[in-house]
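Per-entry structural report
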Amino acid sequence: MLFFSTHAPGFMGHIQLANGGMAQFQEMMRQQLESSMHTELEKLLDTSTGAERDVSKKDFEGFNNLFHRFLQVKGPSVEWIKIQRPPEDSIQPYDKIAARGLPDNVANSLNKLVVVKLNGGLGTSMGCKGPKSLISVRNENTFLDLTVQQIEHLNKTYNTDVPLVLMNSFNTDEDTKKILQKYTHHRVKIHTFNQSRYPRINKESLLPVASNLNMNGQNTDGWYPPGHGDIYASFYNSGLLDQLIAQGKEYIFVSNIDNLGATVDLHILHHLVSQPNGKRCEFVMEVTDKTRADVKGGTLIQYEGKLRLLEIAQVPKAHVDEFKSVSKFKIFNTNNLWISLAAIKRLQEQKAMDLEIIVNPKTLDGGQNVIQLETAVGAAIKCFDNALGINVPRSRFLPVKTTSDLLLVMSNLYSLEAGSLTMSPKREFPTTPHVKLGSSFTKVQEYLTRFESIPDMLELDHLTVSGDVTFGKNVSLKGTVIIIANHGDRIDIPAGSMLENKIVSGNLRILDH
């Protein structure tokens, strides 16, 4: 939905428009807004010189394209009535792919692969400074350590050269590059490139809030990385895409660096590289079955003859409950994607990447309302030929977004081998327990002080903890455990305790559940 404000440049007061003149007026307003934006961006470019100016100029080309499309948008990007279930063969079960087995020479397939991790996010939501990928998640290993270990293990096992590429943002680039020195002697080549840097725009005037290209002081708030859909343009612009194609690489495996289940899967890779040339699948999206915890996740639909990603932000309000239904939309996008490098190059050169725009409203510290125009990497599925969904086991989706997730991956539910976490064979059910830690556990440092050691959770189904609670050493949790310390109370779970189907509340009264 496009809105015009009386503060928009060139606004002409209350004009009585004749019938049919509205469209013409709106077009004039759009042109006026684009012209004003262009002028402001030129002014920003003039505040810098050299390499920074050149990079920003390229970034602004992408931003201008996004802004132009944002102004053209009329109403929702999908018509609900046109949404269809994907055809049976467009989402394949993983077992069917794996049943084909692996070739004798796995190395041939691996040498065509590049692993790309989305590394633009900060650890702020977990109370940490710097890149999220540098948070320790298991035995002092960070997300980045585990990723490097996984790829190094592949390269050593199969005598291959699978490189790791990190897509950084201006928030994470400097800190990440410093830490990369520690992997110099590991058997994995690491490349980085930067996501674009786009200007936040004032919600009222639709003009940039930044006054210059610098990233210091108040001006820092004027910029944002425009979502992971920016990978296609920034990867292409960096020159790295062409470099990897020249080395004989054919596919990238892209995933969020905080998804510990996103390891290189040899069966999916073999499926991709063994297709006949004319039928080459250019894009695979790993999806998995929805549970009630995943109702907001994007899903795959058939729309105007193409496989397409439908995100909750695109759903008309009247249909949100239907979208969340586990029975109608059974799967969701894990954001583990396998994409053809040659196809990215072709689509970029044809300017044929048409990704839905996500309008993300924010309020800056000073109270100013801004909007960020963003895109999602998975939305490009409709642009690629022979795109496919593969319904993978839930184990390939193990994101660590909160300390509740962190507790799961630090526990004995998982064993760690060569950088990969696998569910312990001692757990009878393959599902992960539902863990909900309260606000006293939100920040990693505080969370760590509340556990003398991570409890035994092999037989846990559900854990809820609220208030000022601490755990002694060697605590065991089984079944459903709910621990609630009321305001002003503190509950210390003694060392060696075994809580099975218990509700603990107040000042440590333990009730059978």
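What counts as what
- Residues numbered from 1 in each chain as written.
- Predicted model: local features only at pLDDT ≥ 70, side-chain atom pairs only at ≥ 80, totals over all residues.
- Heavy atoms only, no water.
- Domains from an automatic or database assignment.
- Contact = heavy atoms within 4.5 Å.
- Buried area = accessible area lost by both parts, 1.4 Å probe.
- Salt bridge = Lys/Arg side-chain N within 4 Å of Asp/Glu carboxyl O.
- Polar contact = N/O pair within 3.5 Å; in protein donor to acceptor, adjacent residues only side chain to side chain.
- Helix = DSSP H or I, 4+ residues; strand = E, 2+ residues; numbered from the N terminus.
- Nonpolar A, V, L, I, M, F, W, Y, C, P; charged D, E, K, R; others polar.
- Pairing = 2+ DSSP bridges.
- Axes fitted to C-alpha atoms, helices over the stretch in contact; angles between N-to-C directions.
- Parallel < 35°, antiparallel > 145°, perpendicular 65-115°, else oblique.
- Left-handed = near helix turned anticlockwise from the far one by under 90°.

Topic: the domain arrangement of the chain
Per the domain assignment, the segments making up the chain are domain 1 (80–396) and domain 2 (403–505). Just the C-alpha atoms count here: the centres of domain 1 and domain 2 sit 30 Å apart. Contact residues are listed per partner, giving 16 residues for domain 1 and 15 residues for domain 2. In this assembly, domain 1 packs against domain 2 so that about 1,200 Å² is buried in total across both faces, 63% of it on carbon and sulfur atoms. Taken together, the connections running from domain 1 to domain 2 amount to zero salt bridges. For the interface between domain 1 and domain 2, the tally reads five residue pairs in polar contact (both at pLDDT 80 or more). Contributing elements (two or more residues each) for the side of domain 1 that touches domain 2: β3 (136–138) and α5 (143–158). It is α5 that contributes the most residues to the side of domain 1 that touches domain 2, four residues altogether. Here the side of domain 1 that touches domain 2 is built from residues that sort into six nonpolar, nine polar and one charged.

Focus on unusual backbone geometry
Backbone geometry at K351 places phi at a positive 50°, although glycine is not the residue there. Mapped onto the elements, K351 comes out in the loop between α11 (341–349) and β15 (358–363). A positive phi angle is found at N501, which is not glycine, with a value near 45°. Within the fold, N501 resides in strand β25 (residues 498–505).

Quick word on the sheet that holds β15
The strand order across the open sheet built from three strands is β8-β16-β15, with neighbouring strands paired in antiparallel fashion. On the outer flanks of this sheet lie β8 (201–202) and β15, each paired with one strand and no other. Here β8 pairs with strand β16 (residues 369–374) via two bridges, running antiparallel. If you follow N202 over to β16, its bridge partner there is V370. Relative to the sheet, helix α2 (residues 50–72) contacts β8, β15 and β16, its axis offset from that of β16 by approximately 105°.

Some remarks on the packing of helix α1 (residues 21–45) against α2
Direction vectors running N to C along α1 and α2 enclose 165°, while the axes themselves pass 11 Å from each other. Relative to α2, α1 is oriented roughly antiparallel. Judged by the sense of rotation from one axis to the other, the crossing of α1 with α2 is right-handed. Of the residues in α2, those in contact with R30, L33, E34, M37, L41, L44 and L45 of α1 are R53, S56, K57, F60, F63, N64, F67, H68, L71 and Q72. Classifying every residue of the contact of α1 with α2 gives nine nonpolar, four polar and four charged.

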